[in-house]
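Commentary on secondary and tertiary structure
Each chain, letter by letter, is given below.
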Amino acid sequence: MHLIGEIKSATGFEGNKLFCKYSVRCGHKWQLIAGKASGETYEENKDECDDAAQWDHPFDLHYLAKSIRGWPKFLVEVWTADADGRYSIGGYGCGTVPFEAGQQTIQIHCWRPKAQGFFKELASSLLGIKPELKYKDIIMSSADRFGFETESTGVVEIEVGVITKDFGVHGVNLQPN
């Protein structure tokens, strides 16, 4: 499978400047043949008119799959900087690569942990200190987040071209009926 595309943009996040750390995670039956499965966009000033940061950061990944189990997912971390240059987490998110071949758009709705307690909420609002995840694996599993208080933050848009090869030869039909 070949994934070619761009980490396009982010909307709805706080702060004046944004950048995104991303990685593509797969199961153990998937092998990355070419490309880099993780990276970071450059820092972009938000456009005041439409509250968006436009990155257009390219990626080109080529995988060998021995099973469809462990289908690739994009994990994103958006970081924001306020007017004083302080960085804090803007949001975490996870989006599955579409099963259908062709050009697709993935919209990843991001969230971050909510500050717990009066003093931490006060520090969050006055100083811009936002709680961060210690273990990032919680991003991939919604079951692990059960009972975990979060707040919605923004949306990251990824455009990806999915090229599949020889799935049909092995009896795998990924096209809709």
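Rules used in this analysis
- Residues numbered from 1 in each chain as written.
- Predicted model: local features only at pLDDT ≥ 70, side-chain atom pairs only at ≥ 80, totals over all residues.
- Heavy atoms only, no water.
- Helix = DSSP H or I, 4+ residues; strand = E, 2+ residues; numbered from the N terminus.
- Buried < 20%, exposed > 50% of the residue type's maximum accessible area, 1.4 Å probe, protein only.
- Contact = heavy atoms within 4.5 Å.
- Areas by Shrake-Rupley, 256 points an atom, 1.4 Å probe, with all protein chains shown as cover.
- Pairing = 2+ DSSP bridges.
- Core = buried A, V, L, I, M, F, W, Y, C linked by side-chain atoms within 4.5 Å.
- Phe/Tyr/Trp six-rings, centres within 6.5 Å; stacked < 30°, edge-to-face > 60°.

A few words now on the overall build of the protein. Counting its secondary structure elements, the protein contains 1 helix and 10 strands. Its helices and strands in sequence order give the protein the pattern β-β-β-β-β-β-β-β-β-α-β, from N to C terminus. Per-residue burial over the protein gives 37% buried out of 177 residues. When contacts within the protein are restricted to residue pairs at least 6 apart in sequence, long-range pairs at least 24 apart make up 75% of them. When the accessible area of the protein is evaluated, it comes to approximately 10300 Å², of which 51% is carbon and sulfur surface.

Bringing the environment of Val78 into the picture now. When you line up the elements, Val78 lands in strand S7 (residues 73-81). Expressed as a C-alpha distance, the spacing of Val78 and Cys110, which sit 32 residues apart in the sequence, is 8.3 Å. In this structure, Val78 is in contact with Phe13, Leu18, Phe19, Cys20, Trp55, Ser88, Ile89, Gly90, Gly91 and Val156, ignoring residues within four places of it in sequence.

It is worth spelling out the pairing of strand S10 (residues 150-163) at this point. The pairing of strand S1 (residues 2-11) with S10 spans 9 bridges and is classified as antiparallel. Bridging from a neighbouring strand, Ser9 pairs with Glu157 of S10. Bridge analysis of strand S9 (residues 102-113) against S10 gives 12 bridges, and the strand direction is antiparallel. Residue pairing in the sheet places Cys110 in a bridge with Gly154 of S10.

Another point: the nonpolar core. In this structure, Leu3, Ile7, Trp55, Phe59, Phe74, Val156 and Ile158 are the most contacted members of the largest nonpolar core, which totals 28 residues. Secondary-structure elements contributing two or more residues to this core are S1, strand S2 (17-25), strand S6 (52-65), S7, S9 and S10. Looking at this core element by element, the count peaks at 5 residues for S6. The residues contacting Leu3, other than those within four sequence positions of it, are Phe59, Asp60, Leu61, Tyr63, Val97, Val160, Gly161 and Val162. By size, the runner-up hydrophobic cluster in this structure holds 9 residues, among which are Trp79, Tyr92, Leu133 and Ile139.

Right, let's get into the pairing of S7. S7 sits mainly inside the fold: 8 of its 9 residues count as buried. Direction of pairing for S2 relative to S7: antiparallel, over a ladder of 9 bridges. Opposite Val24, over in S7, you have Phe74 as the bridge partner. By the bridge criterion, 9 bridges tie S7 to strand S8 (residues 87-96) in an arrangement that is antiparallel. Looking at the pairing, Trp79 lines up with Ile89 of S8. Hairpin remark: S7 followed by S8, antiparallel, with 5 residues in the connecting loop; positive phi at Gly85, about 80 degrees.

The full count for this structure, using the stated rule, is 6 aromatic pairs. Each ring, one from Trp30 and one from Trp71, has its centre 5.3 Å from the other, and the planes form 85 degrees; the classification is edge-to-face. Of this pair, Trp30 sits in strand S3 (residues 30-34) while Trp71 is found in the loop between S6 and S7, placing the two residues 41 residues apart along the sequence. Here Trp30 matches Trp71 in class, with each residue buried.

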